[in-house]
Amino acid sequence: MATVSHKLKSAFDGALAGGGDPASSPLYVFGPFLQMVVASGVAYVTFGASIWLAILTVFTVSAVYRLVMKWIIDGSGGSGLCEEEFGPWAVKINASVTIIEYTLTFLVSIAALVTFVSDRFHQYMNVENFIFPIRTDMAIIVSILVGLGVNLGPKISTRIFGPATLGVIILLWIMIVASVWQFGLHFPSLHLSAFNWDNIHYTLGGYARILALMTGIEIFANLVPAYQGPAHIRSKRAFGSLLIIMGTTSLTMLIVGPVILQLADPMNETVSVFTQTMDKLLPVSLAYFGTTVAVIVLLSAAAASAQGIQNLALGLRYRHYIPAKLGAVNRFEVANKPVWMVIAICIVCYIFIGTHEETYLALYAAGVFILLSLTSWAAVKRLLQQMKERHPPRIKLAVAGSITAAILTSLATVIIFEERFVDGAWFYVVLTPIMYVVFTYFRNKLGKPKLISERIGTAIAMNNLSQFNQLSYDQAGVVFKQILVPLDQSPSSEYSLSCAQTLARSFGGTIHLLSVLSEKNEITDNGTSSCLSATDFALTREYLEDIKADLVDADYPVVTMVKEGDPASVIGEIARQDMDIIIMIMHHDQSLLEKWLKESVTLAVIRQTTPALIALRPTNKWRSTRTRFKHILVALDASATAELVLPYVKALAATFMSQVTLLSVPEVSDSDEVVTNIKRYVKKIAGEFQHVGIEVNTLVSGTDPSQAIIQTSQELNCDLVMMVTHGRGGTDRQNHIKLGSVTEAVLRKSECPLFLVSGIKKEE
């Protein structure tokens, strides 16, 4: 199958895709930091100590995240590690804070972008244009554009925003070289007096403000699944990306930081301290180039936070903390819905709160420390467990580094909440419990994720393919003798007749034509009454008899039925009593309002426990309305439930001499070992088909099941897709989830007929 990859290929690709936030942090973290220490008159004493504490934290936390990237590869990053070490409560808190943090990162990045534009054009930026100031208009427009770019996928996003990150890396290195050229190589001085009782508050306060740059580390952990290659290569590339960005940022802090302190006036509220330093350190042309780069890279920072949301949504989806629809990916294999939700929140904030980044920095910094401290303590716990099993020096060193990182980040958490609680840090105390409840609700509703690796291993080792295992289709009870065709008297519903004739001809079946009249109510003087009349029934019978006549002339046995009631309920009841298969049309010409108010009858039937069902969704392409069962695509996810379709595949393929393609999609959370075993599993099933002379191919590809099924059916020109209504998610959730998310997505988008087998447990 020809596929187009939107994955990242190298550490440098990842640095450009995800490095906008930490690379841009020197552009704005110095302002609040210097305002505090300069206004307090302690800059000479505490400046260096705050910087060196921040660098120590960057070093130790980066080392911890090297371990996180090796352990957690599904995009959930620190959230996933916290769940595995502390349990569901930890991942809920971590994920809640991460979502808030990424939203604030987006807010701060766009607000800082507007500030840099205002540095050069401040006389225009506060002018009101219609209702809002131009600052607000710019923030809203730019936010929407960033969302559009990010939702094109990480590879495309790299092309759009990567040059900006590259530009700021070049700008930071120009500033580093210019600082050394003009002032020599001078690192911040470390005065022990910065830690005495009079100064420690300012030292730690400055340290906490600078550490806002640490948000970017979690972004790289969330980007692990966005790289190409096996797990160990993806994690290595992600860490390489982190080193490129954090190394540049740290050197900027150490070398350019003292120059900013010397040259800039932090009390100047019109021009930011970084812009002041560029104007004095660089030629005019380079200074304006620096502003341009700063503006563009802040777009990249916002994009990086949006990408973090995308990948976190995937991780939470696979761990069943959010509904599958919210974590579903688009055709570029990214979760686009969470990005638009974040952008909507940000637009509301810009309108009602403002576009000055300092408004959001207190909230922005607080979340960083909660995340890093939780992740660091989770790493400590895992390393201590490993140390019980073996005692190599490298594990002891890793434990020491992780404990240092945990202490430093926990200290920063206490500092920022003590200092900034009233200014906005209280926001986490309110929002985190709310999101915790939401995650708990969906985890309870969706259930704990299945250990699919155990299921695959058992199936391979025990030769136990639950509903298949070398049975012929008649032994498995698969027959298509009684074929139900519901017709609603619309021309499009008659597309199902062609498929029905094909099955009836090949299996010697009888076609049952059914029309269901729904009660229509009208208001009369005596109240509300049904207005179905004898004429309605007569006309419907005439319609069915007319179709029957054509079919009987072609030697098909036909039975007609006219019933009254709810169409889906009546169809389901009749099908369960006597029928072997249903063939129905999914109407696609409803208006958006009709879709909101009225569910498709076909979907309502599928959500019941009925016999197998073929669903046709007519489009302007002829393949959508007919099948000759010549090339069948079978969707399998290695679950026992998904195997329920196999006897039906065997029955059709043996009868029509079909070519069969078995497709299994290893999702983002599947490890390399699981992917290898899935390939073995699918080949094992293929062997059972080949044993009875059926031509079969296997394909293990993609990251999003519904997208892969639709794309593969199109590329291979399949004329039928066969699958079960519930797969890996299982049927234990049937009281909550009446149709699998993958099945529903394929139903709504596929241009190929679908053969569906109910995966819902029959009620006793």
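Residues numbered from 1 in each chain as written. Predicted model: local features only at pLDDT ≥ 70, side-chain atom pairs only at ≥ 80, totals over all residues. Heavy atoms only, no water.

A.B. asks: Honestly, the overall build of the protein chain in this entry has me stumped. Any pointers?
C.D. replies: Looking only at helices and strands, one finds 27 helices and 14 strands in the protein chain. For the protein chain, buried positions account for 59% of its 764 residues. Of all intrachain contacts in the protein chain linking residues separated by at least 6 positions in sequence, the fraction that spans at least 24 positions is 81%. Taken as a whole, the protein chain presents about 31,300 Å² of accessible surface, with 59% of it coming from carbon and sulfur. (Helix = DSSP H or I, 4+ residues; strand = E, 2+ residues; numbered from the N terminus. Buried < 20%, exposed > 50% of the residue type's maximum accessible area, 1.4 Å probe, protein only. Contact = heavy atoms within 4.5 Å. Areas by Shrake-Rupley, 256 points an atom, 1.4 Å probe, with all protein chains shown as cover.)

A.B. asks: Hey, could you run me through the packing of aromatic side chains in this one?
C.D. replies: Aromatic rings considered in pairs are described by the distance between their centres and by the relative angle of their planes. All told, the structure shown has 12 aromatic pairs when counted by the stated rule. Ring geometry for Tyr-321 against Phe-439: centres 6.5 Å apart, planes inclined by 75 degrees, an arrangement best described as edge-to-face. Remark: Phe-439 occurs in helix H17 (residues 393-446) and Tyr-321 occurs in the loop between helix H13 (284-318) and helix H14 (324-327); sequence separation between them is 118 residues. For the pair shown, Tyr-321 and Phe-439 are each scored as buried. Relative to Tyr-428, the ring of Phe-417 lies with its centre 6.3 Å away and its plane at 65 degrees, an arrangement referred to as edge-to-face. Grouping residues by exposure puts Phe-417 and Tyr-428 together as buried. Aromatic rings pair up to connect Phe-480, Phe-507, Phe-629, Tyr-648, Phe-656 and Phe-755 into one cluster. Its guanidinium or amino end placed over the ring of Tyr-436, Lys-92 lies 5.1 Å from that ring's centre, counting from NZ or CZ. Against the face of Trp-71 rests Arg-382, its NZ or CZ located 4.8 Å from the ring centre. (Phe/Tyr/Trp six-rings, centres within 6.5 Å; stacked < 30°, edge-to-face > 60°. Lys NZ or Arg CZ within 6 Å of the ring centre and 35° of its normal.)

A.B. asks: Sorry, what's going on with a negative patch on the surface here?
C.D. replies: On the surface, a cluster of negative charge is contributed by Glu-494, Glu-542, Asp-546, Asp-550, Asp-553 and Asp-555. Within the element layout of this structure, Glu-542 appears in helix H20 (residues 534-553). What makes Glu-542 exposed here is its relative accessible area of 54%. (Patch = residues over 30% accessible without salt bridge, like charges linked within 9 Å, V, L, I, M, F, W, Y side chains within 5 Å. Salt bridge = Lys/Arg side-chain N within 4 Å of Asp/Glu carboxyl O. Lys, Arg positive; Asp, Glu negative; His and termini not counted. Charge placed at Lys NZ, Arg CZ, Asp CG, Glu CD.)

A.B. asks: Is there a simple way to think about the nonpolar core in this case?
C.D. replies: In summary, soluble globular proteins display a tendency toward joint burial of nonpolar side chains. Residues Phe-30, Ile-51, Phe-106, Met-214, Phe-274 and Tyr-428 are the most contacted members of the largest nonpolar core, which totals 142 residues. Setting aside chain neighbours within four positions, we find Phe-106 in contact with Ser-143, Val-146, Ala-302, Ser-305, Val-342, Ile-343, Cys-346 and Tyr-350. Counting residues in each nonpolar core, the second largest holds 56 residues, with Tyr-543, Leu-544, Leu-646 and Phe-656 among its members. (Core = buried A, V, L, I, M, F, W, Y, C linked by side-chain atoms within 4.5 Å.)

A.B. asks: Which parts of the structure should I look at to understand the packing of helix H19 (residues 496-507) against helix H24 (residues 646-656)?
C.D. replies: Between H19 and H24, the least distance of the axes is 11 Å, while the angle of their chain directions is 75 degrees. In terms of orientation, H19 and H24 fall into the roughly perpendicular class. Along the contact surface, H19 presents Thr-502, Leu-503, Ser-506 and Phe-507, while H24 presents Ala-651, Leu-652, Thr-655 and Phe-656. Split by residue class, the contact of H19 with H24 holds five nonpolar, three polar and no charged. (Axes fitted to C-alpha atoms, helices over the stretch in contact; angles between N-to-C directions. Parallel < 35°, antiparallel > 145°, perpendicular 65-115°, else oblique. Nonpolar A, V, L, I, M, F, W, Y, C, P; charged D, E, K, R; others polar.)

A.B. asks: Explain the packing of helix H3 (residues 26-39) against helix H11 (residues 231-263) to me, please; I cannot follow it from the model alone.
C.D. replies: Between two packed helices, both the angle of their axes relative to each other and the distance between the axes serve to describe the pair. The contact between H3 and H11 brings their axes to 11 Å, and the two run at 45 degrees. Taken together, the axes of H3 and H11 lie oblique to each other. Viewed along their axes, H3 and H11 form a crossing whose handedness is right-handed. Counted together, Pro-26, Val-29, Phe-30, Leu-34 and Val-38 of H3 and Thr-249, Thr-252, Met-253, Gly-257, Ile-260 and Leu-261 of H11 form the full contact between these two elements. Across the contact of H3 with H11, the residue classes break down as eight nonpolar, three polar and no charged. (Left-handed = near helix turned anticlockwise from the far one by under 90°.)

A.B. asks: Looking at this model, I keep getting lost on H11. Mind explaining?
C.D. replies: The periodicity of an α-helix, 3.6 residues per turn, causes residues three or four places apart in sequence to face the same way. With 33 residues, H11 should reach 48 Å at 1.5 Å per residue; the first-to-last C-alpha distance of 47 Å fits that figure. Of all the bends found along H11, the most pronounced is centred on Val-256 and spans about 45 degrees, while Pro-258, a proline, follows it within four residues. (Expected span 1.5 Å × (residues − 1). Bend = angle between axes of the 7 residues up to and from the residue.)

A.B. asks: Looking at this structure, how should I read the confidence of the model for the protein chain?
C.D. replies: On average, the protein chain scores 81 in pLDDT, and the residues at 70 or more come to 85%. In the predicted structure, residues 1-5 sits below a pLDDT of 50 and forms nine contacts with residues beyond four places in sequence or in another chain. Of the regions scoring below 50 in pLDDT, residues 462-476 engages in 37 contacts with residues more than four places distant in sequence or in other chains. (pLDDT = per-residue confidence, 0-100.)

A.B. asks: Is there a simple way to think about the pattern of salt bridges in this case?
C.D. replies: Once the charged atoms of two side chains with opposite charge are near each other, the side chains can pair. Under the criterion given, the structure shown has three salt bridges. Of the charged contacts in the structure, one is a salt bridge between Arg-382 and Glu-85, with a shortest N-O distance of 2.6 Å. With Arg-382 in helix H16 (residues 358-389) and Glu-85 in helix H5 (residues 77-86), the pair connects residues that are 297 residues apart, well separated along the chain. What makes Arg-382 buried here is its relative accessible area of 15%. Glu-85 sits in the buried class, given a relative accessible area of 14%. The salt bridge partner of Lys-621 is Glu-751, with a shortest N-O separation of 3.2 Å. With Lys-621 in the loop between strand S9 (612-616) and strand S10 (631-636) and Glu-751 in the loop between helix H27 (741-749) and strand S14 (754-757), this pair connects stretches of sequence that are 130 residues apart.

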